[in-house]
Amino acid sequence: MARKWAVVMAAALAASPAAAVDPLSEVSGNWAGPEGGGFYFSATLEQAGDATRLRIWHAPEAALQGGDPALDVADFALSAFVTEGGQWLEVVDLGGGAGSILQVITEFADEEAEGREVVQLQYLDNQFTVTGFFHRSVFYNPGGATEPFECEVDVRNGIATVDGQRQALPPMDFEAMNAAGWSYGAAFERGWCPRVDGG
């Protein structure tokens, strides 16, 4: 839903953060996978006005003890237009010794469109790194017809697939993948995915 996502960004940035509330979602895992050979972590997703705050601790006990998170991004995802229960975290084992990824998942809908967005993170070379991004919108057109839009990004390999067409991402260094610099809309602002309205 790139059109609505773009329209709401400015308003959400101006909104004041909401008071602390119970997490929308919380998970724990190991970056090396179920075998547990890497760093343990815990993560929470919290409502923050029209945005969603992502916090990650290096160890589950650090979160329980009220320690400072290693990553704290106040506007990591957009919460406006989210369906009920439609925003959560998942830890996914990649298998084959490739470790685990943390997924931030958002499902949204309004009078114009519905869709799903996924941001994938790994802990690589002492950095919380955005390694993948997926956005799918289905727009409602007059007469009942629908117009789909899909963009999937393999950040580490520098490839974006937009409506089935592969293209190279703009050149970037490792720091450009740092999750500390991520915010909702980043994939469109950085040119990884085109805006549906041509903006």
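For the structure itself, look to the data block above.
From a predicted model like this one, the values you see are computed outputs, not experimental measurements. (Residues numbered from 1 in each chain as written. Predicted model: local features only at pLDDT ≥ 70, side-chain atom pairs only at ≥ 80, totals over all residues. Heavy atoms only, no water.)

**Brief notes about the overall build of the protein chain**
Next up, step 1: Within the protein chain one finds three helices and eleven strands.
Next up, step 2: Shown N-terminal to C-terminal, the secondary structure of the protein chain runs as helices and strands in the order α-β-β-β-α-β-β-β-β-β-β-β-β-α. (Helix = DSSP H or I, 4+ residues; strand = E, 2+ residues; numbered from the N terminus.)

**Things to note about the state of the cysteines**
Any covalent bond linking the sulfur atoms of two cysteines counts as a disulfide.
Next up, step 1: The full count for this structure, using the stated rule, is one disulfide.
Next up, step 2: The residue that forms a disulfide with Cys151 is Cys193, at a sulfur-sulfur distance of 2.0 Å. Torsion about the S-S bond of the Cys151 and Cys193 cystine: about -80 degrees, corresponding to left-handed handedness. Taken together, the residues Cys151 in strand S9 (residues 146-154) and Cys193 in the segment after helix H3 (186-189) connect sequence positions 42 residues apart.
Next up, step 3: Classification of Cys151 as buried rests on a relative accessible area of 0%. (Disulfide = S-S within 2.5 Å. Buried < 20%, exposed > 50% of the residue type's maximum accessible area, 1.4 Å probe, protein only.)

**Re the pattern of salt bridges**
Next up, step 1: If you walk through the whole model with that rule in mind, you get four salt bridges.
Next up, step 2: Its salt-bridge partner being Arg55, residue Glu46 comes within 2.9 Å of it at the nearest N-O pair. Here Glu46 and Arg55 have matching classes, each one buried.
Next up, step 3: Notably, a salt bridge pairs Arg116 with Glu107, separated by 2.6 Å at the nearest N-O pair.
Next up, step 4: Assessed through its relative accessible area of 29%, Arg116 is described here as partly exposed.
Next up, step 5: Glu107 sits in the partly exposed class, given a relative accessible area of 26%. (Salt bridge = Lys/Arg side-chain N within 4 Å of Asp/Glu carboxyl O.)

**Quick look at the sheet that holds strand S5 (residues 82-93)**
The pairing of strands in a sheet comes from backbone hydrogen bonds and takes either a parallel or an antiparallel form.
Next up, step 1: In space, the seven strands of this open sheet follow the order S5-S6-S7-S8-S9-S10-S11, with antiparallel pairing throughout. The open sheet has two edge strands, S5 and strand S11 (165-168), and neither has a second partner. Geometrically, the sheet is characterised by an average inter-axis angle of 15 degrees between neighbouring strands, direction not taken into account.
Next up, step 2: Where S9 lies against strand S10 (residues 159-162), four bridges are found, and the strand directions are antiparallel. From the neighbouring strand, Val153 faces S10, where its bridge partner is Ala160. (Pairing = 2+ DSSP bridges. Axes fitted to C-alpha atoms, helices over the stretch in contact; angles between N-to-C directions.)

**Quick notes on the packing of aromatic side chains**
Next up, step 1: Inspection of every chain in the model, using the stated rule, returns nine aromatic pairs.
Next up, step 2: Ring geometry for Phe76 against Trp182: centres 6.3 Å apart, planes inclined by 40 degrees, an arrangement best described as tilted. With a gap of 106 residues between them, Phe76 in strand S4 (residues 71-78) and Trp182 in the loop between S11 and H3 connect regions that are remote in the sequence.
Next up, step 3: With a centroid separation of 4.8 Å and 50 degrees between ring planes, the pair formed by Tyr123 and Phe128 is classed as tilted. Summarising the burial analysis for this pair, Tyr123 and Phe128 share the class buried.
Next up, step 4: Every member of this aromatic cluster is reached through a ring pair, and the members are Trp31, Phe39, Phe41, Tyr123 and Phe128. (Phe/Tyr/Trp six-rings, centres within 6.5 Å; stacked < 30°, edge-to-face > 60°.)

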